[in-house]
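Residue-level structural notes
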Amino acid sequence: VPGARAHVGFESHIPSWNRLLGALPVAEYERLLPDLELVSLRPGRRIYDAGERQRYLYFLTQGIVCRQSVLDDGASAGAAVTGSEGVIGLAAFLGGGSTTSEAVVLSHAYAYRLRTDLLKEEFELNGPLPQLLLRYTEALFSQVAQIVACNRHHSLEQRLCRLLLSCLDRLPSSLLVMTQERVADVLGVRREGVTEAVGTLRMAGLLHSSRGQIAVLDRFRLETHACDCYPVGKREYDHLLADYRHAEVASTPRPVARVHTLPQPNAARV
Ligand SMILES: [Zn+2]
């Protein structure tokens, strides 16, 4: 997981802060630039809802977004947090168009978004971007599978430590602006449980919490309190980043023109 950048204003962002876009060969990257639109995503905003058709793929450059599932009774549980190492809106290229989950902004985020129809053209070209996106999807699946096992077998306190560390990896400081209600939603537990776990960690001197904020005071000891899921998941992402670099080296220059070829009438013989 990349080190996060200090918070900067809208006008200072560049697409290559997203690790996937940053791993593209220069020619590919420059070809995509005119189609990327920068958006600011405030905390609490849902980027897409369950069942909603996804019209964009969001390449995050800063902040944190959580994918979560919501049940009929309104109860929710988060699956994975994503920062500048990834994208939001996988259904935009996996083909279904929508998912049963939603994506909620946890920490003020910025993203460059690409329209789904343009993304489909990229998949038809079969260049480095689709390869990177599929590799990212694979890493995300293993992350989600691990979190499912973690939620089943590890204590709330351990899971809270895992979540806090995953967020810290994607933030420029050790301060998380996040209410305990939000933390409870992400972990899929009752608010009272989070309050108790935060209290235990505070008494141990690992963090400080005040209204809507959690400041981590001792990251090293927080890591020792977390379950193994944190280091294992982090290693997975380090592999992913190594793969990003590999993709950059392995790719070859491609034509820069974007030509969307529709099937010609005389070619459609079958
Ligand atoms: Zn765990």
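For the structure itself, consult the block above.
Here is a short report on the structure shown in this document. Every value quoted in this text rests on a predicted model; they were computed, and no experiment measured them.

Next up on the list: the side chain of Gln143. With respect to the secondary-structure elements, Gln143 resides in helix α5 (residues 128-153). Residues contacting Gln143, with those up to four places away along its chain left out, are Ala80, Val81, Arg170 and Tyr237.

Okay, the coordination of the zinc ion next. Distances from the zinc ion to its protein donors, namely Cys150 (SG), His154 (ND1), Cys227 (SG) and Cys229 (SG), fall within the range 2.1 to 2.4 Å. In this structure, the zinc ion is surrounded by four donor atoms whose angles at the metal cover 98 to 119°, and the resulting shape is tetrahedral. Mapped onto the polypeptide sequence, the residues donating to the zinc ion form the spacing pattern C-x3-H-x72-C-x1-C. Of this pair, His154 sits in the loop between α5 and α6 (156-168) while Cys229 sits in helix α10 (residues 229-250), and the two are 75 residues apart along the sequence. Overall, His154 belongs to the partly exposed group, its relative accessible area being 26%. On the basis of relative accessibility, which here comes to 11%, the residue Cys229 falls in the buried class.

Unfilled space is identified by rolling a water-sized probe across the atoms. The final tally for this structure, using the stated rule, is one cavity of 30 Å³ or more. When its volume is computed, the largest cavity comes out at roughly 240 Å³. Lining the largest cavity we find 21 residues, and of these Val81, Gln143, Ile147, Arg162 and Ser166 sit closest to its centre. When residues of the lining of the largest cavity are traced back to their parent elements, those giving at least two are β4 (76-82), α5, α6, α7 (180-187) and α10. Of all the elements, α10 adds the most residues to the lining of the largest cavity, at five residues. Split into classes, the residues belonging to the lining of the largest cavity amount to 11 nonpolar, six polar and four charged.

In this section: the environment of Gly127. Mapped onto the elements of the fold, Gly127 is located in the loop between α4 (116-125) and α5. What makes Gly127 buried here is its relative accessible area of 5%. When the C-alpha positions of Gly127 and Glu28 are compared, they lie 8.3 Å apart, and in sequence the two are 99 residues distant.

Here we take up the packing of aromatic side chains. Overall, the coordinates contain one aromatic pair when judged by the stated rule. Arg113 extends its terminal NZ or CZ atom over the ring of Tyr56, reaching a point 3.8 Å from the ring centre.

As a further point, take the pairing of strand β8 (residues 207-210). Because side chains alternate across β8, one face comprises the buried residues Leu207 and Ser209, and the other comprises His208 and Ser210, none of which is buried. Note: β8 against strand β9 (residues 213-216), four bridges, orientation antiparallel. In the sheet register, Leu207 faces β9, and the bridge partner there is Val216. Taken together, β8 and the strand that follows it, β9, pair antiparallel across an intervening segment of two residues, in which Gly212 is found at a positive phi of about 75°.

Bringing unusual backbone geometry into the picture now. Glycine aside, a negative phi is what most residues show, and trans is what most peptide bonds show. Positive phi is not limited to glycine here, since Asn126 has a value of about 55°. Tracing the backbone shows Asn126 in the loop between α4 and α5.

Here α7 has its buried residues at Gln180, Val183, Ala184, Val186 and Leu187. What you see down the axis of α7 is that its buried residues fit within an arc of 160°, all on one side.

We now examine the pattern of salt bridges. What the rule picks out here adds up to 11 salt bridges. Across the pair Glu85 and Arg170 runs a salt bridge, and its minimum N-O distance is 3.0 Å. Of the two residues, Glu85 is situated in the loop between β4 and β5 (87-88) and Arg170 in the loop between α6 and β7 (175-177); the sequence distance between them amounts to 85 residues. Across the pair, Arg170 and Glu85 agree in class, each one buried. Linking Arg190 and Glu192 is a salt bridge whose minimum nitrogen-to-oxygen distance equals 3.5 Å. Sharing partners across several salt bridges, the network here consists of Glu28, Arg31 and Glu122.

Cut-offs and rules
Residues numbered from 1 in each chain as written. Predicted model: local features only at pLDDT ≥ 70, side-chain atom pairs only at ≥ 80, totals over all residues. Heavy atoms only, no water. Helix = DSSP H or I, 4+ residues; strand = E, 2+ residues; numbered from the N terminus. Contact = heavy atoms within 4.5 Å. Donors = N, O, S within 2.8 Å, 3.2 Å for Na, K, Ca; no water. Tetrahedral: all angles 85-135°; square planar, octahedral: opposite > 155°, others 65-115°. Buried < 20%, exposed > 50% of the residue type's maximum accessible area, 1.4 Å probe, protein only. 1 Å grid on protein atoms, 1.4 Å probe; cavity = no way out; pocket = protein on both sides within 12 Å on 5 of 7 lines; lining within 4 Å. Points joined across faces, edges and corners; volume = space filled by probe spheres on them. Nonpolar A, V, L, I, M, F, W, Y, C, P; charged D, E, K, R; others polar. Phe/Tyr/Trp six-rings, centres within 6.5 Å; stacked < 30°, edge-to-face > 60°. Lys NZ or Arg CZ within 6 Å of the ring centre and 35° of its normal. Pairing = 2+ DSSP bridges. Arc of directions from axis to C-beta. Salt bridge = Lys/Arg side-chain N within 4 Å of Asp/Glu carboxyl O.

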